[in-house]
Amino acid sequence: MFVCFVSFYHIWKLYLKYRFRNATIHVCEKLKNLREKLYTYFLLLLFITYPPTCDVIFRLYPGACKTFYIYEKDTTVNITLLRSDFDLDCEKLKNYQIFAYVATVIYVVLFPFVLLLLLRKYRIKILYNEFDDGNSNSTEDQPENTVSERSHLINDKSEESDFPIWIKFLCENYKPRFWYWEIIELARKVTQTVLVTLLGFENALTKLLTIGISVLFLTLHAKLSPMTSHFEQRLQVSQPSVVGTFLLQHELFHLLTV
């Protein structure tokens, strides 16, 4: 995928240099815009496919296997099959399991960590935009510490690079002081994914931890309100509520039918 983006960029670069041979500045501007778009598409694609890719990686773990016992006349034979596909014998997946561990470090852990570092790098710019949004209020109406903080951010603005478009989608739906919240959401999704994949949906610990995580995020969203839009905030609050309610109803139904 990355190779496709790079190849497309270089092919388009050669085309622009041939098309606008006498307009170097124009070519540089077009290439800059193209890089921004390609970065955005590439990062957005990685971000969208992150949860399902993590699920595939976790399904290769030894903990995602299930052991079956076959009783014969005088012996007991056990066979370990992959829970997501009973046609696959886990004993034959040793190499894939090593690959899953490597992918966990390189992709599952490193990808959100890199996103967090990028957001942290541009956090001054994000916070500065928060003050820009409140330009309708004069500095006389603002507290003294807010004015001094704004002055500090303005001084630091020249030292910070421009806020890139390709990472803006990670924080544009959140209030500037919650620039890191999307990474927390990624951690929540991965945690719930690994619980269901390794322990199974019917496991009591999975249900308990999933309900606990849902209640925790429901409390955080209700108390902190990190979203800029009230409608999106209500959606975020309702999401863990629905998950927790569904699990509670499922557990009650299971207890009543046993």
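Residues numbered from 1 in each chain as written. Predicted model: local features only at pLDDT ≥ 70, side-chain atom pairs only at ≥ 80, totals over all residues. Heavy atoms only, no water.

Engineer: Provide a residue-level description of the pattern of salt bridges, including the pertinent values.
Structural biologist: One pass over the structure, following the stated rule, counts two salt bridges. When the shortest N-O distance is used, the salt bridge between R59 and D55 registers 2.8 Å. Residue classification places R59 among the partly exposed residues on the basis of a relative accessible area of 33%. Close ionic contact of E185 with R188 constitutes a salt bridge, the shortest N to O distance being 3.0 Å. Remark: R188 and E185 occur in helix α6 (residues 181–199); sequence separation between them is three residues, near one turn of the helix. (Salt bridge = Lys/Arg side-chain N within 4 Å of Asp/Glu carboxyl O. Buried < 20%, exposed > 50% of the residue type's maximum accessible area, 1.4 Å probe, protein only. Helix = DSSP H or I, 4+ residues; strand = E, 2+ residues; numbered from the N terminus.)

Engineer: Could you give me a rundown of the packing of aromatic side chains, with the residues and numbers involved?
Structural biologist: Following the criterion strictly, the structure yields eleven aromatic pairs and no others. An angle of 75° between the planes, with centres 5.7 Å apart, marks the rings of F58 and Y61 as edge-to-face. Assessed through its relative accessible area of 4%, F58 is described here as buried. Residue Y61 is classed as buried on the basis of its relative accessible area, which comes to 14%. Geometrically, the ring pair formed by F178 and W181 is edge-to-face, given 5.8 Å between the ring centres and 85° between the ring planes. Since its relative accessible area comes to 8%, F178 is described here as buried. A residue is classified by how much of its surface remains accessible, and W181, at 2% relative accessible area, is buried. Cluster of aromatic residues (ring-pair linked, three or more members): F178, W179, Y180 and W181. Between R188 and the ring centre of F217, over which it is positioned, the NZ or CZ distance is 5.5 Å. (Phe/Tyr/Trp six-rings, centres within 6.5 Å; stacked < 30°, edge-to-face > 60°. Lys NZ or Arg CZ within 6 Å of the ring centre and 35° of its normal.)

Engineer: If you had to explain the confidence of the model for the chain to someone new, which residues and values would you point to?
Structural biologist: For the chain, per-residue confidence averages 75 on the pLDDT scale, and residues scoring 70 or more make up 67% of the total. Model confidence for the chain, summarised as mean pLDDT per element, is weakest for helix α5 (residues 144–157) at 46 and strongest for helix α3 (residues 94–121) at 90. Here residues 135–147 is a poorly scored stretch, pLDDT under 50, and it has eight contacts once near neighbours within four places are set aside; other chains count. With pLDDT under 50 throughout, residues 149–161 is counted as low confidence; its partners more than four residues away or in other chains account for 18 contacts. (pLDDT = per-residue confidence, 0-100. Contact = heavy atoms within 4.5 Å.)

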